[in-house]
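Examination of the molecular architecture
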Amino acid sequence: MSATADTVLHGLAAGEAGRPDSPDWTIPQNWAAYTPQEHATWATLYQRQMALLPGRACEAFVDGMRRLPIEPDRIPDFERLSEVLMRHTGWQVVAVPGLVPDDVFFEHLAHRRFPAGQFIRRADQLDYLQEPDVFHDVFGHVPMLMHPVMADFIQAYGHGGLRAQRLGALDMLARVYWYTVEFGLVRESGALRIYGAGIVSSASESRFCLESPSPHRLGFDLARVMRTRYRIDDFQQTYFVLDRLDDLLRLAEIDFAPLYEQVSRLDTLSADAVLPQDTVITRGDGRYHRQRALELQDR
Ligand SMILES: [Fe+2]
């Protein structure tokens, strides 16, 4: 895994080793036990991102952030977050040790519970994360849960995940989550804006996804996304762009089963593929990942 890009292994499921006593993997947040150093790490990350996000994050994110009790100098209290979320979109935030198994994750989402890592990354490893922590999960994901369309979409994803497991289609569904909830871009006011949590919680990728000439930016197409591999170890090679966030609502209503059938008959695409039928917003020159591959070869 790259130590230069602040990426999170949220595409993976936890093994049995970290299993807590509760069957749904929840643990107490134990807010009072966070140390001053842990709150200081939050403050550093918060300030860094808030300086970067004006003009980059979408309106829904900014609006959600404004209305939630997410403060600059302390790790948020999940109970206070849940009170506000519950009033607006019926969601709550529950604490988990880090990654959880797929079925546990889907079950939580299907019931409008967002599992958030209880711990915060080490102060000397701000950009290196093995598992999603409280900064990624709360700063990145929770503001978007205030948006009614995203709130419904993520719940539908939870139901869809349980079904995809039965249909053996988890890979295809996970790519949809990855290229929307985690790494999605959206058109807004004539420009591209970030709504994906993996980007919005990452200083380096917030700039890379919008400003680098390296990645492709393509119009979102559901079947296309289901076929496309992604990077869990570095910045994305391709970002898919929604015309508007409300398009997620349509996605939440589609029956994916016939699509899985259709897509499983087609080749899986590499993370940097561009097809003749793609809507190309910007075609990347791939320089970043070429350079990274050379660096890795030299090691
Ligand atoms: Fe995430």
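Remember, it's a predicted structure, so these values are computed and weren't measured experimentally.

Structural notes on the sheet that holds strand 6 (residues 238–242)
One open sheet accounts for five strands, arranged 4-3-6-5-7; its pairing is mixed. Taken across any chain shown, the strands that pair with only one partner, and hence form the sheet edges, are strand 4 (191–194) and strand 7 (280–282). Taking the axes of each pair of neighbouring strands and ignoring which way they run, one obtains an average angle of 40° across the sheet. Across four bridges, the pairing between strand 5 (residues 216–219) and strand 6 is parallel. Among the inter-strand pairings, Gly 219 is bridged to a residue of strand 6, identified as Val 241. Sitting on the sheet, helix 9 (residues 203–211) touches strand 3 (185–188), strand 4, strand 5 and strand 6, and the angle it makes with strand 4 is about 155°.

Comments concerning empty space enclosed by the protein
Taken as a whole and judged by the stated rule, the model has two cavities of 30 Å³ or more. Taken as a whole, the second largest cavity spans an internal volume of roughly 30 Å³. Mapped onto the lining of the second largest cavity, the elements with two or more residues apiece are helix 5 (134–141) and helix 6 (148–167). Grouping the constituent residues of the lining of the second largest cavity by class yields six nonpolar, two polar and no charged.

A word on helix 1 (residues 36–52)
In an α-helix there are 3.6 residues to a turn, and that puts residues three or four apart on one side. Here helix 1 contains 17 residues, and its C-alpha end-to-end distance of 25 Å stays within 8% of the 24 Å for a straight helix at 1.5 Å per residue. Of the positions making up helix 1, those classed as buried are His 39, Thr 41, Trp 42, Ala 43, Leu 45, Tyr 46, Gln 49 and Leu 52. The inward-facing, buried residues of helix 1 contact helix 5, helix 8 (197–200) and helix 9.

What to know about helix 4 (residues 102–110)
Those residues of helix 4 lying buried are Val 104, Phe 105, Phe 106, His 108, Leu 109 and Ala 110. Along its buried surface, helix 4 packs onto strand 1 (92–96), strand 2 (113–117), helix 6 and helix 7 (170–182). Where helix 4 terminates, the next one or two residues include Arg 112, which has phi positive at roughly 60°.

Topic: the pairing of strand 6
By the criterion of burial, strand 6 is predominantly enclosed, with five of the five residues buried. Neither face of strand 6 is open: one carries Thr 238, Phe 240 and Leu 242, the other Tyr 239 and Val 241, and all of them are buried. In the sheet, strand 3 pairs with strand 6 via two bridges, with the strands oriented parallel. In the sheet register, Leu 185 faces strand 6, and the bridge partner there is Val 241.

Considerations on the state of the cysteines
Considering all chains together, one arrives at zero disulfides under this definition. No disulfide involves Cys 58; its sulfur sits 11 Å from the nearest other cysteine sulfur, which is in Cys 209.

Some remarks on the nonpolar core
By size, the foremost hydrophobic cluster in this structure holds 85 residues, and its most contacted members are Trp 42, Phe 61, Val 138, Tyr 195, Met 226, Leu 245 and Leu 248. In terms of residue count, the dominant contributor to this core is helix 6 (eight residues).

Concerning the confidence of the model for the protein
Per-residue pLDDT for the protein averages 93, and the proportion of residues at 70 or more is 94%. Contacts of residues 1–10 to residues separated by more than four positions or lying in other chains number 48 contacts, the stretch itself having pLDDT below 50.

Things to note about the pairing of strand 4
Both strand 3 and strand 4 contribute to a ladder of four bridges, which runs antiparallel. Within the sheet, the bridge partner assigned to Glu 188 lies in strand 4 and is Ala 191. Linking two consecutive strands that pair antiparallel, namely strand 3 and strand 4, is a turn of two residues; a positive phi of about 45° is found at Ser 189 within it.

Re the side chain of Ser 82
Along the polypeptide, Ser 82 turns up in helix 3 (residues 78–89). In terms of polar contacts, Ser 82 uses its side chain to reach the backbone carbonyl oxygen of Phe 78, at 2.8 Å. A distance of 2.9 Å separates a polar atom in the side chain of Ser 82 from the backbone nitrogen of Val 93. Setting aside chain neighbours within four positions, we find Ser 82 in contact with Trp 91, Gln 92 and Val 93.

Concerning the pattern of salt bridges
According to the stated counting rule, one finds 19 salt bridges in the structure shown. With a closest N to O distance of 3.2 Å, Glu 71 and Arg 80 form a salt bridge. With its nearest N and O atoms 3.1 Å apart, the salt bridge here joins Asp 247 to Arg 244. Note on Asp 247: relative accessible area 14%, which makes it buried.

The rules behind the values
- Residues numbered from 1 in each chain as written.
- Predicted model: local features only at pLDDT ≥ 70, side-chain atom pairs only at ≥ 80, totals over all residues.
- Heavy atoms only, no water.
- Pairing = 2+ DSSP bridges.
- Helix = DSSP H or I, 4+ residues; strand = E, 2+ residues; numbered from the N terminus.
- Axes fitted to C-alpha atoms, helices over the stretch in contact; angles between N-to-C directions.
- Contact = heavy atoms within 4.5 Å.
- 1 Å grid on protein atoms, 1.4 Å probe; cavity = no way out; pocket = protein on both sides within 12 Å on 5 of 7 lines; lining within 4 Å.
- Points joined across faces, edges and corners; volume = space filled by probe spheres on them.
- Nonpolar A, V, L, I, M, F, W, Y, C, P; charged D, E, K, R; others polar.
- Expected span 1.5 Å × (residues − 1).
- Buried < 20%, exposed > 50% of the residue type's maximum accessible area, 1.4 Å probe, protein only.
- Disulfide = S-S within 2.5 Å.
- Core = buried A, V, L, I, M, F, W, Y, C linked by side-chain atoms within 4.5 Å.
- pLDDT = per-residue confidence, 0-100.
- Polar contact = N/O pair within 3.5 Å; in protein donor to acceptor, adjacent residues only side chain to side chain.
- Salt bridge = Lys/Arg side-chain N within 4 Å of Asp/Glu carboxyl O.

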